[in-house]
Every structure is written in C-alpha cells, then in structure tokens.
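# Structure assessment
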Amino acid sequence: MKNLITLLSIITMMTACSNSKKEKADLVIINGRVLTIDKENPMAEAIAIKGEKIIAVGTTRNISGMIAKGTTEVVDASGRLVIPGFNDAHLHFGPLDPDYIELRYTTDPSVITEKVRMQVAKSKPGQLIMGGHWVHELFIDKNWPSRELIDNVSPDNPVLLDRADGHSTLVNTYVLKMSGITRETKDPFGGEIQRNPVTGEPTGILKDAAMDLIKTGNAIITRSPDEEKERTWQGYKLAMKEACELGVTSIQNAGGADFNAYERLRQEGFLTSRIDIGAPLTGNSGVLNQYKEQEKKYPKDGNWIRFGYLKAFADGSIGSSTALMFDPYSDDTSNSGLAMWPYEELEKMILTADKMGFQIGIHAIGDKANNWILNAYEKAIGVNGKRDSRHRDEHTQTLQLSDIPRFAKLGVIPSMQPTHCISDKLFYEKRVGIERCKGTYAWRSLLNEGAQLAFGTDYQVEPLNPMEGLYAAVSRKDRLGEEGEGWFPEQKLTMEEAIKYYTLGSAYAQFMEDRKGMIKTGYLADIVIVDKDLLTIPEDQIMKTKVDYTITGGRIVYSSGR
Ligand SMILES: [Zn+2]
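Residues numbered from 1 in each chain as written. Predicted model: local features only at pLDDT ≥ 70, side-chain atom pairs only at ≥ 80, totals over all residues. Heavy atoms only, no water.

## As for helix 7 (residues 259-267)
Quick reminder of the rule: For every residue, the accessible area obtained with a 1.4 Å probe (protein chains only) is divided by the maximum for its type, and the residue is called buried under 20%, exposed over 50%, and partly exposed between those limits. Only runs of H or I of at least four residues qualify as helices and only runs of E of at least two qualify as strands under DSSP, and these elements are numbered from the N terminus. Taking the helix axis as origin, the arc is that swept by the directions to the C-beta atoms. Polar contact criterion, stated in full: a pair of N or O atoms within 3.5 Å, where within protein one must be able to donate a hydrogen and the other to accept it, and residues adjacent in sequence count only if both atoms are side-chain atoms.
Those residues of helix 7 that sit buried are Phe 259, Ala 261, Tyr 262 and Leu 265. All buried residues of helix 7 fall inside an arc of 160 degrees around its axis, so they share one side. Of the residues in helix 7, the exposed ones pointing more than 90 degrees away from the buried face are Asn 260 and Gln 267. Looking at where helix 7 begins, the residue whose side-chain oxygen comes 3.0 Å from the main-chain nitrogen of Asn 260 is Asp 258. Immediately downstream of helix 7, the backbone of Gly 269 shows phi near 80 degrees, a positive value.

## Observations concerning the sheet that holds strand 16 (residues 274-280)
Backbone-to-backbone hydrogen bonds join strands into a sheet, with any given pair of strands oriented parallel or antiparallel. What counts here: Pairing between strands is defined by DSSP: at least two bridges between them are needed.
One open sheet accounts for eight strands, arranged 8-15-16-17-18-19-20-21; its pairing is parallel. Looking at strand neighbours, the two that pair on one side only are strand 8 (86-91) and strand 21 (454-455), the edges of this open sheet. Relative to strand 16, strand 15 (residues 248-253) is paired through four bridges, and the arrangement is parallel. When the sheet's bridge partners are listed, Gln 252 is paired in strand 16 with Asp 276.

## Comments concerning the sheet that holds strand 23 (residues 547-552)
Overall, mixed pairing links the six strands, which are arranged 3-2-7-22-23-24 in an open sheet. Edge positions in the sheet fall to strand 3 (43-44) and strand 24 (555-559), since each has one partner strand and no second. Bridge count for strand 2 (residues 33-35) against strand 3 is two bridges, and the pairing is antiparallel. Within the sheet, the bridge partner assigned to Leu 35 lies in strand 3 and is Met 43.

## Let's talk about unusual backbone geometry
A cis amide bond links Tyr 459 to the next residue, Gln 460, at an omega of 10 degrees. Relative to the helices and strands, Gln 460 resides in the loop between strand 21 and helix 14 (466-475). Positive phi, close to 50 degrees, is recorded for Arg 476, a residue that is not glycine. Its place among the elements puts Arg 476 in the loop between helix 14 and helix 15 (495-509). Exposure remark for Arg 476: the relative accessible area of 0% places this residue in the buried category. Even without glycine at this site, Phe 511 takes up a positive phi of about 60 degrees. Its location among the elements puts Phe 511 in the loop between helix 15 and strand 22 (527-530).

## Regarding the packing of aromatic side chains
Where we set the bar: Ring pairs are drawn from Phe, Tyr and Trp, using the six-membered ring of Trp, whenever the two centres fall within 6.5 Å, and their geometry is named by plane angle: stacked under 30 degrees, edge-to-face over 60, tilted for the rest.
In total, this model carries 18 aromatic pairs according to the counting rule given. A ring pair is formed by Tyr 291 and Phe 307, whose centres lie 5.8 Å apart and whose planes are at 45 degrees; its orientation type is tilted. With a gap of 16 residues between them, Tyr 291 in helix 8 (residues 285-297) and Phe 307 in strand 17 (residues 305-313) connect regions that are remote in the sequence. Taking relative accessible area as the criterion, Tyr 291 reaches 12% and is therefore assigned buried. We classify Phe 307 as buried; its relative accessible area is 1%. By way of ring pairs, the aromatic residues Tyr 428, Tyr 441, Trp 443, Phe 455, Trp 487, Phe 488 and Tyr 501 are connected into one cluster.

## Some thoughts on the coordination of the zinc ion
Condition: Any N, O or S atom lying within 2.8 Å of the metal counts as a donor, and for Na, K and Ca the limit rises to 3.2 Å; water is left out, so some sites can look incomplete.
Surrounding the zinc ion are the protein donor atoms His 90 (NE2), His 92 (NE2) and Asp 458 (OD), at 2.1 Å. Each donor residue of the zinc ion belongs to the same chain, with the gaps between them written as H-x1-H-x365-D.

Geometric values such as these leave the question of function open.
Below, the structure is given as structure tokens:
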C-alpha cells in the first residue's frame, strides 16, 4: 500500500512537472483583447500557436509559460483587439493591374502627384496612365482635385484617375487637349465638365456623361507573351498583398479561377489567403464528372486551395432594374426584371448537381429570384433526399417576408454583402418601394428565423476592406455617416455578430467551421490584430480602423510596424 502511494505521488509529481514544462509555441500573442467568436470561451488575452494551428488560448500569464527563449516569436498586442482572420464568402478575386495607381484612402493630394510622377517615369510617352479610387471628402482640404495636381509630372502622357464611385474622373491637360475639351465645350446631357468658377477653364474633373468625351490618343503598348505572363504574375502577388494588408485570410471566389496560378503562389510562399475556387453550374453530367476530378485534386478537407461551389445567376441587379421581382418596379411599372434561366432549366441543373453531391450557390437579388431558388433547393431535398448540402443564396437581397423562415428550414445559406446595402439603399426605395424594402438585406430577420449568415464583399464591385462591411452591418448608413438611426435600423447587427458572420459564418458556408473562424485550440491560426477596439469605438471610427497584424496558418503575413 505504501508503495502504491509512493508510486501515485511520483506520477502526480511527474504530471505537475510536465505541466510546468508546457509545450513550447512557435508564436504567441500576449496582452490582447481577444474576441474568439468561440461561445464557450468568448474573450481571452493570449494565444499560443505551433505550426499552422492554435495550441492554447488563455491569459497572458498562462500563455507566457509556452514561450521558449530565443525560438518563440512574441507579438505583444498591447491591449489591442485580436479577432479571427476575415473570410470573404463572395468575391471576384484575380490579378490586379500592376500599373494601376491605387489612390484609395488618400488623404494628402500631393501623394497623387508623386504616384503619377513615378508611374510616368516607368512609361513611354503617350502611354495611358490609369488609377483611381480617390474620394476628395477624405482629402485634408476636402476640395476636388484638379489637373494642376498632375500636369507638371505628366506633360507627354494621358492620365485618368477615377473617383472611387466611378462617376467622375480627374484627367490632365494632355487628355483635355486630345479630347478637344475647352472652356467653350458645352456640358453633354447627363454630364458635367467641372470649371474653375473664376476663369471658366475646365478643372480636369469630368462627371458621368462628360467622361464619354475622353480621348487618350492611340499609343498602343505591345508586350511579348513573356512580358504579359510576368505582368499577370505580379498582378496576382499584388492582389494577395492587398488581401493580407486588409486582414482577409480566406477568400471564396464566386465562379472559376486559375488553379495553377494559386498553386504557384502557394509554392513560392505568396499564398497568404486560403482560397476556394468555384465553377459554373451545369446540368451536363460530363462536365460535372470533370468537376468531380478537380474536386479530388482540391478536396474539401484541404485547407489552402479547394474546389468551391457551383455558381449560376438567377437574375440581374436592382441598380439596373434587372433583378427578377414578383411585381413590377415602382419606378418602371412595365418591368419586373429578367430571369437568366427559365425556372425549369434552373431546377434541372440544381437537381442534377445536387444529386452528385455538389454545393451550389445561386446569385439571387429580386424577391422572385430568391423564391425560385428556395423552391428549387426544396425540390432537390424532395427528390434527392435531405443531406448537409449547405446550398447558398448569393446576395439574398430582396425577400418576400414569407420566404425568410425557409432558409433555416431548408439549410440554405444567405451569403450576403453588407456594403451592398449601404451602396444600394440610395436607390432601393425608389426602385421597389418601401414595402418590399422590409425584406431587403434582412439580416436580423434571417437570424431571428435561425438562418446561418455568411458575409463577404462582392469585390471588385465593392472594396475588399472588411471594415466597410462591419460598418455597413452595424450602421446601415452611407459611408459619409448620415444622421439618424440608419436604413431600416431594425435589421442592424451588433459588431460582435458582424465579425462572427464575417469569420465563423463564412467558414460554415464552406464546411470549415470545425477548423476555421474561431480562435480556439486546434483551429487554424488565422488571426488579425486591429488598431482600434471595434467593440467600443463610435461608428465613425470603424472604417478608419486598420489592420496591424495578419497571421495566416501561424505565419505573420503582414505587419504594419505599429
Ligand atoms: Zn458577385
């Protein structure tokens, strides 16, 4: 007996000893305000990571025991907010134009001069210089930019710099001359040539239809196939860089993309966002069999490059009055939108692909288009049997109120883009009337009925920046921060919910909630540290929030240096 007690105490001592000699981490984050999105352990201070995965989540004191001097990298969050990496559930990703001058979030107009000067230095005379995404309301002086800003650095090249909304552009004097625009030129119908109020000379800002007057000359740039290939490659790297600077660690491409390009990015260490690549929906079983082969190569249990869902369009958009509605548009009573397929055809494709086990995602904007795809998914359950299919409704913009409970019932995922709400709300009421707006971007109603939301951006239709999506989800106000409670404020979400659907919600939509979307032991270490406390800051600070660290699969892929 005595021996047994001794043995037990030795075992106890050994366990205690191994606890104090905890497993050592490759990377730890300490002193954070960690919003885990794990409902069992909502907030923490510190995270330990080994390889690609999180091995512990706890207090700074606890996790500090896992630091091995000299080998463990330590990130001191200094009280900053730490959240799971953003997962964009619907976007159109691809190589960027490496010569495009990116002016988003520019506050100092002299930066524009400098960037144009640098691009001109790399170009031949006559070669078109393009860029944009500036918003003059963000400039220090809030004034419209004018051609004087760029003329001195671009005497021999046409320059076009679009405003972020695409409704106006800044051109240089070279372009005004090529286009024959002078102080005598009349404003075209639906457009404006902005003029200096004193001299009457064009300022270089052309609005809407005035942009149709633009002529840039005929300088043709010829590139060899190798140059073209290299340019595309640089464009991919640029796109990845943008995503990781914005904290987007996962992307779900709506539709196809070049698997080989992402393979190369992965091999060369540039794949900093995990990617799902889809394919067009079809009812052709030969093509579906080819998809099956592709899916074997990029399986669902992979973590980096995976075969995604099959995509089709049910209708168009509200902006262009082509979304398929039950009743005519309020501002065009002869029109109720367009169906991209007859219903029977759409249903047939869905039934065939569902039977083969594919996940399907259909673009649906109008109330009738959404009703159709719910009907087709319901039919698929009836004919092929119920399974964990997680078919998706891409956009889910306008719903009949009676369709809202069907998402949870059928297990269909509303894959939604909060920024569309604040961009489209400007014209939504005019197009469909106030009654139908009640079922529009109805996030809260969908949640109340038990639906599993997934959030994304529809980039490049909207910016990739997740902060804009979070702002849209909690405010339902335009980007300038209008007065009041926001558009249909009863549909607003809390910040924590908005982050959840942008991380765990999107992971669920791709069958990855068992390993992604939460800061939790055993999960992939996809983590973002931001410079402001999103949970407490006022609304007007949300879009100003910047990412300080992006970690994908345990690797720091971006750090701001702050
Ligand atoms: Zn899209």
